[in-house]
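Now for the letters of each chain:
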Amino acid sequence: MNRTLLTVIVAAVVAAGFLVKASLFTVHQAQQALVVQFGDPRRVITEPGLNVKIPLIQDVVYFDKRILGLDAQPEEILTTDQRRLVVDSFVRYRITNPLLFYQTVRNELGLRGRLAPSVANAFRGAFGKLDATSIISGDRPSAMQQVTATLQEDSRRLGIELVDVRIKRADFPDTIGQAIFRRMQTERQREANEQRATGFELAERIRAEAERQRTILLADARRRSEILRGEGDAERTKIFAEAANKDPEFYGFYRSLQAYTKALQQGDTTMVLSPDSEFFRYFESPTGTARRPAQR
């Protein structure tokens, strides 16, 4: 009997512990909770702390209080100049009404299915009024304001608050982008060839002008050098003439010594001359007066 009573008491304690554990739940600071009973919302809890629910009947659905993100699928948009652009965007939001959020989309996966088409439609409606150049260059503040206003209205019906909408990338599709790149490459190549041809022409012109200037400078230098050489020769001749006129005998002696120096060089001393030649007159007399043979 005592053993049976002990078993019943232990079972009661275990059951009570299970019920207590199933009845208590904790909501953290970064969370908010919704108590549902057989799928029907009963209570919203937004403050952190320990709370109680009916075990086995009620469940708790948790939602994040922090800012969440939704990366939309890249969408192809037709601009006013009939060009196709791929716009890749993202949305940042916060769950402000857990009950409405649960009733409309249930969870974040359901929100993606509802909000992603709204994002695509908002961008098509706003960016379809702009040309491709304005979108790619970033000149789109009014369009972004229109997108944000449209998504704000849609997000309130889903129990969320729209925090930010941004564009990650706005560019041409790959096929169009490659064609544009090839066209730009061809254009740049053409400009490069023109610049290169212009450079070659300018270089030849500069080279020809430099060659002309060089020819003129060399000719002028030769002319001046010939003039200076002529003036120098004239001055030398004048000096020699003046020196010779001052002392003709000494000048004749000096010229004879120069002739001896050139004629009587080492290895070349063979000469066939008459002894009474004018060349040897200073060998016979220091004054250069040669002795004449006696007349018969």
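Some thoughts on the overall build of the protein chain
Moving on, step 1. Scanning the protein chain from terminus to terminus reveals eight helices and nine strands.
Moving on, step 2. Each of the 296 residues in the protein chain was classed as buried or not, and the buried ones make up 25%.
Moving on, step 3. Counting contacts in the protein chain only where the partners sit at least 6 residues apart, residues at least 24 apart contribute 61% of the total.
Moving on, step 4. Total accessible area computed for the protein chain in this model is approximately 21,200 Å², and 55% of it derives from carbon and sulfur atoms.

Observations concerning the nonpolar core
Moving on, step 1. Phe-123 and Phe-127 are the most contacted members of the largest nonpolar core, which totals 36 residues.
Moving on, step 2. At the level of elements, β2 (31–37), β6 (68–71), β8 (84–95), α2 (98–104), α3 (108–127), α4 (132–137), α5 (141–156) and β9 (160–171) are the ones that each hand at least two residues to this core.
Moving on, step 3. Top element by residues in this core is α3. It accounts for seven residues.
Moving on, step 4. In this view, Phe-123 contacts Ile-77, Val-87, Ser-89, Gly-128, Met-144, Val-147, Val-165 and Ile-167; residues no more than four positions away in its chain are not counted.
Moving on, step 5. The next biggest cluster of nonpolar side chains, apart from the first, holds six residues, and it includes Phe-25, Ala-33, Val-35 and Val-60.

Considering unusual backbone geometry
Most peptide bonds are trans, and most residues other than glycine sit at a negative phi.
Moving on, step 1. Positive phi is not limited to glycine here, since Leu-56 has a value of about 65°.
Moving on, step 2. With respect to the secondary-structure elements, Leu-56 resides in the loop between β4 (49–52) and β5 (58–64).
Moving on, step 3. Despite not being glycine, Gln-82 has its phi angle at roughly 60°, a positive value.
Moving on, step 4. Within the element layout of this structure, Gln-82 appears in the loop between β7 (75–78) and β8.
Moving on, step 5. With a relative accessible area of 58%, Gln-82 lands in the exposed category.

Remarks on the pattern of salt bridges
Moving on, step 1. Here the structure, examined in full by the defined rule, presents 18 salt bridges.
Moving on, step 2. Between Asp-64 and Arg-66 there is a salt bridge, and its shortest N-O distance comes to 2.9 Å.
Moving on, step 3. Given the relative accessible area of 53%, Arg-66 is considered exposed.
Moving on, step 4. Two residues, Arg-84 and Glu-76, come together in a salt bridge whose shortest N-O distance is 3.3 Å.
Moving on, step 5. Take Arg-84: its relative accessible area is 41%, and that puts it in the partly exposed class.
Moving on, step 6. A single salt-bridge network, built from bridges that share partners, covers Glu-153, Asp-154 and Arg-157.

Observations concerning the sheet that holds β2
Moving on, step 1. The sheet built from three strands is open, its strands ordered β3-β2-β5 with antiparallel pairing. Each having just a single partner strand, β3 (40–45) and β5 make up the two edges of the open sheet. Each neighbouring strand pair of the sheet contributes to a mean axis angle of 30°, computed without reference to strand direction.
Moving on, step 2. One ladder, built from five bridges, connects β2 with β3; its direction is antiparallel. When the sheet's bridge partners are listed, Val-36 is paired in β3 with Pro-41.

Some points on the pairing of strand β1 (residues 24–27)
Every other side chain in a regular strand lies on the same face of the sheet, so the side chains alternate between the two faces.
Moving on, step 1. Taking every second residue as pointing to the same face, the buried face of β1 carries Phe-25 and Val-27, while none of Leu-24 and Thr-26 on the other face is buried.
Moving on, step 2. By the bridge criterion, four bridges tie β1 to β4 in an arrangement that is antiparallel. Considered in β4, the bridge of Leu-24 is made with Val-52.

Focus on a nonpolar patch on the surface
Moving on, step 1. Taken together, the side chains of Phe-18, Leu-19, Phe-38, Ile-54, Leu-56 and Ile-57 define a hydrophobic patch exposed on the protein surface, amounting to about 640 Å² of accessible area.
Moving on, step 2. When you line up the elements, Phe-18 lands in helix α1 (residues 2–23).

So, the pairing of β8
Moving on, step 1. With nine of 12 residues buried, β8 is to be regarded as a mostly interior element.
Moving on, step 2. Bridge count between β6 and β8: four bridges; the pairing is antiparallel. From the neighbouring strand, Leu-70 faces β8, where its bridge partner is Val-91.
Moving on, step 3. Relative to β8, β7 is paired through four bridges, and the arrangement is antiparallel.

Each value, and the rule that gives it
Residues numbered from 1 in each chain as written. Predicted model: local features only at pLDDT ≥ 70, side-chain atom pairs only at ≥ 80, totals over all residues. Heavy atoms only, no water. Helix = DSSP H or I, 4+ residues; strand = E, 2+ residues; numbered from the N terminus. Buried < 20%, exposed > 50% of the residue type's maximum accessible area, 1.4 Å probe, protein only. Contact = heavy atoms within 4.5 Å. Areas by Shrake-Rupley, 256 points an atom, 1.4 Å probe, with all protein chains shown as cover. Core = buried A, V, L, I, M, F, W, Y, C linked by side-chain atoms within 4.5 Å. Salt bridge = Lys/Arg side-chain N within 4 Å of Asp/Glu carboxyl O. Pairing = 2+ DSSP bridges. Axes fitted to C-alpha atoms, helices over the stretch in contact; angles between N-to-C directions. Patch = residues over 30% accessible without salt bridge, like charges linked within 9 Å, V, L, I, M, F, W, Y side chains within 5 Å.

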